[in-house]
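Fold and contact review
For reference, the chains in residue letters:
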Amino acid sequence: MLKSLISILISLIFISCQNHPSNNFDNYINTVAGPISIDSMGLTLIHEHMLVDFIGADSINSGRWNRDSVEQKVLPFLLEIKQYGVQSILDCTPSYLAKDPLLLKSLSEKSGIQILTNTGFYGAVGGKYLPDFVQTESAEQLADRWIAEFENGIEGTGIKPGFIKISVNEADTLSLIDQKLVKAAGITHQKTGLTIASHTGTWRTAVQEVRILQEIGVNPSEFVWVHAQNEPDFENYKVAAEMGVWISLDGIGWAIDPYVDRLIFAKENGILGNVLISHDAGWYDPAKAGGGDFQPFTNIFEKLIPILNGKGFTEKDWDLLLKENPKSAFSIYK
């Protein structure tokens, strides 16, 4: 009898360790299926979208899409990129834009690709995707909401975010709301270790975000400058890299040429170690028949890599961009 009880106890402990793998390693990442060792990320696309609904925060609800229909449309595109060795994807759809952790978990299980979701709010487009309470709550109160998602899971699902996703409007001076979002992201990072990815644009806006983060003690290396491909002055990439900022060139699903010159510049100037690349592709839109035209996640592999290999890029460069840099950028340290 005693031996049976001991055996059951040992089994329960083993199961518990499996369900909480972050207890077994020092640096990890949260996927929609649970935490994994950061070394398990493998080849990673750091900015993609499965589902996005543009109706606005005042009208968004999960009844606007059917998960089975979304899965049927999206799954073949995930299986397609497995053939190129993709192991992990960061889904960058934020709250109030159809972030659906349960959909992502199902897609992850069926595709075998590790998918990460996020916490945070999207301030761009004049605040169309911000709930009303953002206007009145403090940065600390907003951060408490995001920290709670990290600690307890998103909207009762138990699924925890793997990074923070915010956005701000392009401006010479950030609005008070955008400043508050950045500060809230910084506070959340300090409490959780989650990396901050901010939909931005040019360096004139991104540097303002970095300064806000520095003022509260957050290192620029915890900040991902999303849509940095919109920066016209390549010299600002060097400035950002010197500060430790991650430079995200992430619209490759829609064009190739703008990224060739930027990546060559990064390689020639020794800052490739600060660069992240992705497609910003996908986009099942429930407002369109059948979800609209879904953009594949393949341009990096089918178009960009062959072009840049012809200009001196090596397998080591691609391992840096698609494996090592994502691990360094998004790792959570206990």
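Here the structure is shown first, and the text comes after it.
In short, a report on the structure. Here, residues in each chain are numbered from 1, in the same order as that chain's written sequence. Local features in a predicted model are, by the rule used here, given only for residues with pLDDT of at least 70; side-chain atom pairs are given and counted only at 80 or more, and totals for whole chains, interfaces and linings are based on all residues. Side-chain descriptors were evaluated using all non-hydrogen atoms of the structure, hydrogens and water having been removed beforehand.

Points about the sheet that holds strand β3 (residues 43-51)
- Two strands are counted as paired when DSSP detects at least two bridges linking them. Only DSSP runs of H or I covering at least 4 residues are called helices, and only runs of E covering at least 2 are called strands; the numbering of each starts at the N terminus. Pairing is parallel in the open sheet, where 4 strands are placed in the order β5-β4-β3-β12. Each having just a single partner strand, β5 (114-116) and β12 (282-284) make up the two edges of the open sheet. Across the sheet, the mean angle from the axis of one strand to that of its neighbour is 30°, orientation sign disregarded.
- Inspection of the sheet shows strand β4 (residues 86-91) paired to β5 by 3 bridges, in the parallel sense. If you follow I89 over to β5, its bridge partner there is I115.
- Of the strands in this sheet, β3, β4 and β5 are in contact with helix α3 (residues 101-111), which crosses β5 at around 165°. The angle between two axes is taken between their N-to-C directions and runs from 0 to 180 degrees, where each axis is a line fitted to C-alpha atoms and a helix contributes only its stretch in contact. Residues count as neighbours in contact if any of their non-hydrogen atoms are within 4.5 Å of one another.

Let's talk about the packing of helix α6 (residues 203-215) against helix α7 (residues 235-243)
- Where α6 meets α7, the closest approach of the two axes is 11 Å, and the angle between their N-to-C directions is 15°. Accordingly, the angle class assigned to the pair α6 and α7 is roughly parallel. Viewed along their axes, α6 and α7 form a crossing whose handedness is left-handed. Facing W203, V210 and Q214 of α6, the residues of α7 in contact are N236, V239, A240 and M243.
- Note that Gly is not counted as nonpolar here; it falls among the polar residues with everything else outside the nonpolar set of Ala, Val, Leu, Ile, Met, Phe, Trp, Tyr, Cys and Pro and the charged set of Asp, Glu, Lys and Arg. Split into classes, the residues belonging to the contact of α6 with α7 amount to 5 nonpolar, 2 polar and no charged. Any angle between 65 and 115 degrees counts as roughly perpendicular, while under 35 counts as roughly parallel, over 145 as roughly antiparallel, and the rest as oblique. Crossing chirality is assigned from the near helix's rotation relative to the far helix, an anticlockwise turn below a right angle marking it left-handed and a clockwise turn marking it right-handed.

Regarding the pairing of strand β7 (residues 163-167)
- For β7, the buried fraction is high: 5 of the 5 residues fall into the buried class.
- Where burial is concerned, the two faces of β7 agree: the one with F163, K165 and S167 and the one with I164 and I166 are both buried.
- Pairing geometry for β7 and strand β8 (residues 196-199), over 4 bridges, is parallel. When the bridges of β8 are listed, I166 appears paired with S198.
- Where the polypeptide runs from β7 across helix α5 (residues 176-192) and back to β8, its parallel neighbour, the crossover connection is right-handed. Buried, partly exposed and exposed residues are distinguished by accessible area as a fraction of the type maximum, computed with a 1.4 Å probe on protein chains only: under 20%, between the cut-offs, and over 50%, respectively. When the strands point away from the viewer and the connection leading from the first strand across the helix to the second strand turns clockwise, the crossover is called right-handed.

A few points about the pattern of salt bridges
- Think of a salt bridge as a Lys or Arg side-chain nitrogen and an Asp or Glu carboxyl oxygen that are within 4 Å of each other. Inspection of the entire model under this criterion finds 13 salt bridges.
- A salt bridge links E149 to K99; the shortest N-O distance between them is 3.7 Å. Separated by 50 residues along the polypeptide, E149 in helix α4 (residues 139-152) and K99 in the loop between β4 and α3 bring together distant segments of the chain. The same class applies to E149 and to K99, which are both buried.
- Close ionic contact of K327 with E324 constitutes a salt bridge, the shortest N to O distance being 3.6 Å. Here the residue K327 and the residue E324 both occupy positions in helix α10 (residues 315-330), the gap between them amounting to 3 residues, near one helical turn.
- We classify K327 as buried; its relative accessible area is 19%.
- Salt bridges here are not isolated pairs; linked through shared partners, they connect D39, E324 and K327.

Some details on the nonpolar core
- Residues belong to a common nonpolar core when they are buried Ala, Val, Leu, Ile, Met, Phe, Trp, Tyr or Cys residues joined through side-chain atoms within 4.5 Å. Ranked by size, the top nonpolar core spans 86 residues in total, and within it L78, W225, I247, L263 and I277 carry the most contacts.
- Once you skip the residues sitting within four places of it in the chain, L263 turns out to touch L249, L272, V275, I277, L304, L308, F313 and L321.
- Counting residues in each nonpolar core, the second largest holds 16 residues, with I29, L90, C92 and F163 among its members.

Considering the environment of D68
- Among the secondary structure elements, D68 is positioned in helix α2 (residues 67-82).
- C-alpha of D68 to C-alpha of S106: the two residues are 38 residues apart in sequence and 9.7 Å apart in space.

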